[in-house]
Amino acid sequence: MARQRNTTRLAGEASAEAAAEQERPTGDLAVDPAAGAFFDCDNTIMQGAAIFYLGRGLYKRKFFSSRELARFAWQQAYFRLHGAENAGHMADAKESALSIVQGHRAADLEAICEDVFDEFMAEKIWPGTRALVQMHLEAGQRVWLVTAAPQEAARVIAARLGMTGALGTVAETVDGVYTGRLVGEPLHGPAKAEAVKALAAREELDLARCAAYSDSANDIPMLSLVGYPYVINPDAELRRHARRNGWRVRDFRTGRKAAKVGIPAAAGLGAAAGGTAAAVAIYRNRRR
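Bear in mind the structure is a predicted one, so any value in this text is a computation, not a measurement.

K.L.:
Residues and numbers for the overall build of the protein, please.
P.N.:
Looking only at helices and strands, one finds 11 helices and eight strands in the protein. Of all 288 residues assigned to the protein, the portion counted as buried reaches 50%. The contacts in the protein between residues at least 6 apart in sequence include a share of 62% that link residues at least 24 apart. As displayed, the protein has an accessible area near 13,400 Å², and 51% of this comes from carbon and sulfur atoms.

K.L.:
Which residues make up the packing of helix 5 (residues 106-121) against helix 7 (residues 151-160), and what are the values?
P.N.:
Helix packing for two helices is described by the angle between their axes and how far apart those axes are. Where helix 5 meets helix 7, the closest approach of the two axes is 9 Å, and the angle between their N-to-C directions is 55°. Overall, the two elements helix 5 and helix 7 adopt an arrangement that is oblique. Along this stretch, helix 5 crosses helix 7, giving a crossing that reads as right-handed. On helix 7, the residues that touch Leu-109, Glu-110, Cys-113, Glu-114, Phe-117, Asp-118 and Met-121 of helix 5 are Glu-152, Ala-153, Arg-155, Val-156, Ile-157 and Arg-160. Broken down by class, the residue content of the contact of helix 5 with helix 7 amounts to seven nonpolar, no polar and six charged.

K.L.:
How would you explain the packing of aromatic side chains if you had to name every residue and give the values?
P.N.:
Going through the model one piece at a time under the given rule, you end up with four aromatic pairs. Feature note: the residues Phe-39, Tyr-213 and Tyr-230 constitute an aromatic cluster, connected by ring pairs.

Rules used throughout
Residues numbered from 1 in each chain as written. Predicted model: local features only at pLDDT ≥ 70, side-chain atom pairs only at ≥ 80, totals over all residues. Heavy atoms only, no water. Helix = DSSP H or I, 4+ residues; strand = E, 2+ residues; numbered from the N terminus. Buried < 20%, exposed > 50% of the residue type's maximum accessible area, 1.4 Å probe, protein only. Contact = heavy atoms within 4.5 Å. Areas by Shrake-Rupley, 256 points an atom, 1.4 Å probe, with all protein chains shown as cover. Axes fitted to C-alpha atoms, helices over the stretch in contact; angles between N-to-C directions. Parallel < 35°, antiparallel > 145°, perpendicular 65-115°, else oblique. Left-handed = near helix turned anticlockwise from the far one by under 90°. Nonpolar A, V, L, I, M, F, W, Y, C, P; charged D, E, K, R; others polar. Phe/Tyr/Trp six-rings, centres within 6.5 Å; stacked < 30°, edge-to-face > 60°.

Interpretation note: all reported values are geometric properties and have no functional meaning in isolation.
Here's what the structure looks like:
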């Protein structure tokens, strides 16, 4: 069974790469300093949720009990089955994470996040989304990860993908030690959109020339801010919203060829930039 799944996966990758070779963009990519891109994390950048992978890493290091791990595992299974964030599960995960790190040093958690990325997250990154990140960067644009995941994990993920920076949920520290409380609200839904607006103002970005990527209807406020909203691996509600509003959709979870995610000309990449398949081809060729 495992051999059959691997064969199917490899065949799908080969097919995607063949299609990518036929759609390779040509021409120079223009630089637009007023344009940027904002990427959600969970199920957009990676399969599953960052906070649950962090939970696995903390359990491995004996931060909490097997009973708490079981709750994390159930929440992750729900997320992967339904492809959507459940508000109750996310709130529970937030409370669990805060209680788990209370009394620990922030510097220690940063180091653990580095290890957790290598152990659990690296293989869960969607190649298509990674390639889209790379295309924005190669056009000289600034790219941010914007996520409800802890800021420490967000910074590590963004750094590993070569992004400009990250916005995440901030846990309060006193003298470098976690208190078990948050600074402000979790970076989720409308709070995420407000954070992007503040970042754009600070960085002198024109949101009408920026792009944003997400899988969740919770991020409609953020997607609605920018001139170029893109929907990646969408939940049912976001797919319906995208259809009504003409937003482009790309689903990396299936072998079906969904609507291409062409990078917008106004975002500085030019009409020659093909689709997500072309982005995948560029990324893979860079690694050879």
